[in-house]
Amino acid sequence: MASIQSAEGTFDLLPDEAKFWQKFRDTAYEVFGRYGYVPIETPIFEQTSLFVRGIGEATDVVSKEMFTAISGENLKTLMGGGHIKGKSQLSLRPEGTAGVVRAVAQHALVTQGGAPVKLAYAGPMFRAERPQKGRQRQFNQVGIECLGADDPTIDAEGIIMLMRFYEAIGIPTGAMRLLVNSMGCENCRPAYREAVRTYILEHADGLCEECQRRADTNPLRAFDCKKEDCRAVMAGAPRIVDNLCDDCHDHYDAVKALLDDTGLSYVEDYTLVRGLDYYTRTVFEVQVIEGMGSQNAIGGGGRYDKLMAEIGGANTPGFGFALGYERCVLALQAHGFAFEPAQKLDFYIACVDDSVRPLAFRMLQKLRDIGYKGDIDHQHRSLKGQFKQADKLRADYVVVLGPDEVARGVAKVRNMASHNEVEVPIDQAEAIYQCFSDSAAAREAGVTE
Ligand code: AMP
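Residues numbered from 1 in each chain as written. Predicted model: local features only at pLDDT ≥ 70, side-chain atom pairs only at ≥ 80, totals over all residues. Heavy atoms only, no water.

Some thoughts on the side chain of Arg189
Take Arg189: it is sitting in helix H7 (residues 189–202). When sequence neighbours within four positions are dropped, the list of residues in contact with Arg189 reads Met183, Gly184, Leu220, Asp277, Tyr279 and Thr280. (Helix = DSSP H or I, 4+ residues; strand = E, 2+ residues; numbered from the N terminus. Contact = heavy atoms within 4.5 Å.)

Some remarks on the pattern of salt bridges
Across all of its chains, the model carries 27 salt bridges by this definition. One salt-bridge network, held together by shared partners, links Asp60, Lys64, Glu210, Arg214, Arg221 and Asp224. (Salt bridge = Lys/Arg side-chain N within 4 Å of Asp/Glu carboxyl O.)

Observations regarding the sheet that holds strand E4 (residues 90–92)
Read across the sheet, three strands follow the order E2-E4-E3 without closing on themselves; strand pairing throughout is antiparallel. Looking at strand neighbours, the two that pair on one side only are strand E2 (45–47) and strand E3 (68–69), the edges of this open sheet. Where E3 lies against E4, two bridges are found, and the strand directions are antiparallel. From the neighbouring strand, Thr68 faces E4, where its bridge partner is Ser91. Along the sheet, helix H2 (residues 48–55) contacts E2, E3 and E4; its crossing angle with E2, the most-contacted strand, is approximately 75°. (Pairing = 2+ DSSP bridges. Axes fitted to C-alpha atoms, helices over the stretch in contact; angles between N-to-C directions.)

A few points about unusual backbone geometry
The backbone of Ala108 shows a phi angle near 45°, a positive value even though the residue is not glycine. Structurally, Ala108 can be placed in the loop between helix H5 (97–106) and strand E5 (117–126). Within the chain, Arg394 stands out as a residue other than glycine whose phi angle is a positive 55°. The class for Arg394 is partly exposed, based on a relative accessible area of 31%. (Buried < 20%, exposed > 50% of the residue type's maximum accessible area, 1.4 Å probe, protein only.)

Structure (structure tokens):
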């Protein structure tokens, strides 16, 4: 019988990669923490209506890509021709913003006159896209959301923080391109949207069917079409930058001035519209310049001043971004990155015969309790086999216990890199771990034995 494989578009993070994912998240929380962001965890599924109202019914994410969950009970109701109540219509989250904004509204985290709420998250997102390199059905994102302030400093520090994070995990600054744009607000966007709609209708002959359809559903998305012909036609469409109201213009200029002041280079891209409906004013995207084909966006986000009200909360300005973990790994790999092996022990205890095992087990536990990573043979291998095992587990030290040594009250501690061996008193676990910690300190100081 064929063994069952993982579902299409989903991937296992095996230990070496799972360890890197942990480091990736830790680095994100550390970098974002410097800007005042604290963690939040929201459910992986939400009521479908949250995404429909928040992200927008006409977006690809909602109209084509959402995994909607149907419980056994609801399936029975559906099969019987019944109707599932709104509250029971659930979807796996295709992105993180809607859930975080819902949580902020539900728990009233933004208080009148209080400081803006700055939140960071990391976890899996789900989109029923056609899988290809860099495009998965379950993928991991790290993101932030800031609610309660519309000042351009929030946008600018958010963009700077994202670029600092990429640098911290090792994506060379020169390998990335930062694109920025403004999408306007409820005052200036409707007229602009109408102008683009008219332009699409007037140039329908040169556009694909999907872009023609977008004239009525979501005209700005026509800028996002990957087809060369459509791109050429849309290059002549009215530009948002020429249609911003004064307030949006000032806001956009202020964001750019702050980025300039920090020395961050960026490209203004008037066709950058992003796939989700909720954006207002600042939008941005980070792309990898080479080696990633069409899936070259490693992160992006923007301002969404109407989203909270859209899902039923108080009118609260917001700003956020999300970055894709898997695509960052592809970008790193394009620059020679390889995962470190997850397995790395400080020590391994090898037993010359079974008579010393109870003592070895006690010693093992003592060292683990102190905080060292260690293991022992669990399969009664020969001494040679135990050394091989210690090598495989990448142990720095092997503590050898034999009846002769035990009779003399000592254990041998072998440094696996230098092959140096010292004898230490068995009854002083301190002496053994002192031996490790001296070496650990030496390693940290860059001194090899
Ligand atoms: P978005 O929420 O579409 O702005 O996506 C933010 C980031 O998540 C993108 O820049 C990608 O790095 C990543 N991402 C989005 N969709 C996928 C996917 N299907 N597979 C892998 N990564 C994705």
